[in-house]
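Close look at the chain arrangement
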Amino acid sequence: TISNINLSNLSMQSARRDRVMVLYLTEKVFCDQDNQLHDSVKHLINKGVPIILVHEKDTSKGGCPFGTIINLTPDDLKGEPYNLYSTDIAVSLYSVKEYQQVSLR
C-alpha cells in the first residue's frame, strides 16, 4: 500500500540520474483513495525518472490480466504527455522458479 509519500523528498531524490521507480502492477495498482501513487508517477515522469513496470502474474499475490491493469490506470497516465505504457513493456513476474529465472533476466 501507498502511505505518506513525500513529493518534496521525491524531488530531491529524482535530481540524481541514478534513480528509477519500480512500479509493481497488481489488481490494486492506482486504487489508493488519495491518488498518491498517481501523483508520484506523474511527478517522477516530469522529472525524467525512468519507471520500470513489473507485472505480477500470480493471482494469489494480486496478479491479474494486463488489460485489467490498463483499465485501472488513470487516463492521463496512458496518453500524452505521460505515456506510461508506450515506451517500455512491463516485465512479467512469475512465482514459479523456472519462470522467475527467465522473467527477471
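Residues numbered from 1 in each chain as written. Predicted model: local features only at pLDDT ≥ 70, side-chain atom pairs only at ≥ 80, totals over all residues. Heavy atoms only, no water.

Examining the environment of leucine 84
Mapped onto the elements, leucine 84 comes out in the loop between helix H4 (75-78) and strand S3 (91-93). Residue class for leucine 84 comes out buried when judged on its relative accessible area of 6%. With 43 residues separating them in the primary sequence, leucine 84 and valine 41 have C-alpha atoms 8.8 Å apart. Once you skip the residues sitting within four places of it in the chain, leucine 84 turns out to touch Leu23, Phe30, Val41, Ile45, Ile51, Leu53, Thr73 and Leu77. (Helix = DSSP H or I, 4+ residues; strand = E, 2+ residues; numbered from the N terminus. Buried < 20%, exposed > 50% of the residue type's maximum accessible area, 1.4 Å probe, protein only. Contact = heavy atoms within 4.5 Å.)

Considerations on the side chain of threonine 73
Position of threonine 73 among the secondary structure elements: in the loop between helix H3 (66-72) and H4. Polar contacts involving the side chain of threonine 73 include one to the main-chain carbonyl oxygen of isoleucine 69, which spans 2.8 Å. Residues contacting threonine 73, with those up to four places away along its chain left out, are Phe30, Lys78, Leu84 and Tyr85. (Polar contact = N/O pair within 3.5 Å; in protein donor to acceptor, adjacent residues only side chain to side chain.)

Focus on the sheet that holds S3
If you trace the 3 strands from one edge of the open sheet to the other, you get S1-S2-S3, paired in parallel fashion. The open sheet has two free edges, formed respectively by strand S1 (21-25) and S3, since each of these has just one partner strand. With strand direction ignored, the average angle separating the axes of adjacent strands in the sheet is 30°. Note: S1 against strand S2 (residues 51-56), 5 bridges, orientation parallel. Opposite tyrosine 24, over in S2, you have valine 54 as the bridge partner. Where helix H2 (residues 36-46) meets the sheet, it contacts S1 and S2, and its direction lies at approximately 145° from that of S1. (Pairing = 2+ DSSP bridges. Axes fitted to C-alpha atoms, helices over the stretch in contact; angles between N-to-C directions.)

Examining the pairing of S1
With burial as the criterion, only one face of S1 is covered, namely that bearing Met21, Leu23 and Leu25; the residues Val22 and Tyr24 on the opposite face remain uncovered. For the crossover from S1 across H2 to S2, the handedness is right-handed. (Right-handed = clockwise from strand over helix to strand, strands pointing away.)

With respect to the side chain of histidine 55
When you line up the elements, histidine 55 lands in strand S2. Look at histidine 55 and you get buried, because its relative accessible area is 3%. Within the structure, histidine 55 has its side chain in polar contact with the backbone oxygen of cysteine 64 (distance 2.7 Å). Setting aside its immediate chain neighbours within four residues, histidine 55 contacts Leu25, Cys64, Pro65, Phe66, Ile69, Ala90, Val91, Ser92 and Leu93.

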